[in-house]
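# Notes for the structure review
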Amino acid sequence: MPTLTGRNTRTLTGYAANLLDYPRWVIEREVDFTDCHLGGSFAEGDQRCAECQFGQACCWLNRNRATPSPNTPLEELLSALTTAVDYLRSSVRGDDAHPNQCECATCLWLHDASSFLRTNRHKT
Ligand SMILES: [Zn+2]
């Protein structure tokens with residue numbers, strides 16, 4: 001998993017920002033903009049974006065493509081994290097390649113991210 005060095009992972013926001021690295025990396029590889037009429041710039045309210053199979057991932061990516069600044073409110077990071085967890089969870093759920101104790105990068109990330117969210121959701 002690529003992580004940036006020098007980031008303060010001992011603060012809640014630093015830890016949350018770090019957790020966002022993995023889904024950004026996965027989603028950027030998953031979404032295919034070859035046929036996108038907007039070249040990957042998600043537009044709220046655009047009918048084609050609403051119907052696009054990559055709509056949800058693309059929308060997330062457009063909000064979270066940049067590494068969050070140290071001043072990003074925790075609430076915002078947690079909400080981006082929640083969406084990423086839902087997205088990745090739905091991509092592994094019911095897939096035989098990911099049994100309950102699966103140790104692939106995605107399942108391990110989901111485990112970390114969900115327990116982080118469980119612990120910190122009430123703090124915003
Ligand atoms: Zn897995």
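See the structure above.
These notes cover the structure that comes with them. As the structure is a prediction and not an experimental result, all values here were calculated from the model.

Conventions used here
- Per chain, the residues get numbers from 1 upward, laid out in the order the sequence is written.
- Given that the model is predicted, a residue must reach a pLDDT of at least 70 before its local features are reported, and side-chain atom pairs must reach 80 or more before they are shown or counted; all residues, however, enter totals for whole chains, interfaces and linings.
- Side-chain measures here rest on the full set of heavy atoms in the structure, leaving out hydrogens and waters.
- Strands are runs of DSSP state E lasting at least 2 residues, helices are runs of H or I lasting at least 4, and numbering of each runs from the N terminus.
- Radius of gyration here uses only the C-alpha atoms, and the compact-globule reference equals 2.2 Å multiplied by the residue count raised to the power 0.38.
- Contacts are residue-level and defined by heavy atoms, with any inter-residue pair within 4.5 Å sufficient.
- Per-residue accessibility takes into account occlusion by the displayed protein chains alone, with areas from the Shrake-Rupley method and a 1.4 Å probe.
- To sort residues, take the accessible area from a 1.4 Å probe on protein chains only and compare it with the maximum for the residue type: under 20% means buried, over 50% means exposed, and anything in between is partly exposed.
- A donor here means any N, O or S atom no more than 2.8 Å from the metal (3.2 Å for Na, K and Ca); water is not included, so a site may seem to lack partners.
- Donor angles set the geometry label: tetrahedral for four donors if every angle is between 85 and 135 degrees, square planar for four and octahedral for six if opposite donors exceed 155 degrees and the others are between 65 and 115, irregular for anything else.

## With respect to the overall build of the chain
Across its full length, the chain holds six helices and zero strands. Helices (α) and strands (β) of the chain occur, in sequence order from the N terminus, as α-α-α-α-α-α. Here the C-alpha radius of gyration of the chain, 15 Å, is about what a compact globule of 124 residues would show, namely 14 Å. Principal axes of the C-alpha set define a box for the chain whose edges measure 40 × 40 × 30 Å. Look at the contacts in the chain between residues 6 or more apart in sequence, and 64% of them connect residues 24 or more apart. Accessible surface for the chain amounts to roughly 7,900 Å². Of this, 48% is attributable to carbon and sulfur atoms.

## Re the environment of Cys49
Its place among the elements puts Cys49 in helix H3 (residues 47–51). With a relative accessible area of 8%, Cys49 lands in the buried category. Taking C-alpha positions, Cys49 is 8.9 Å from Cys36, a pair spaced 13 residues apart along the chain. Residues in contact with Cys49, not counting those within four places in the same chain, are His37, Leu38, Phe42, Ala43 and Gly55.

## Re the coordination of the zinc ion
Only His98 (ND1), Cys102 (SG), Cys104 (SG) and Cys107 (SG) from the protein coordinate the zinc ion, and they sit 1.9 to 2.3 Å from it. For the zinc ion, the four donor atoms in the first shell make angles of 104 to 120 degrees at the metal, a pattern classed as tetrahedral. Donor residues for the zinc ion sit on one chain with the sequence pattern H-x3-C-x1-C-x2-C. Take Cys104: its relative accessible area is 25%, and that puts it in the partly exposed class.

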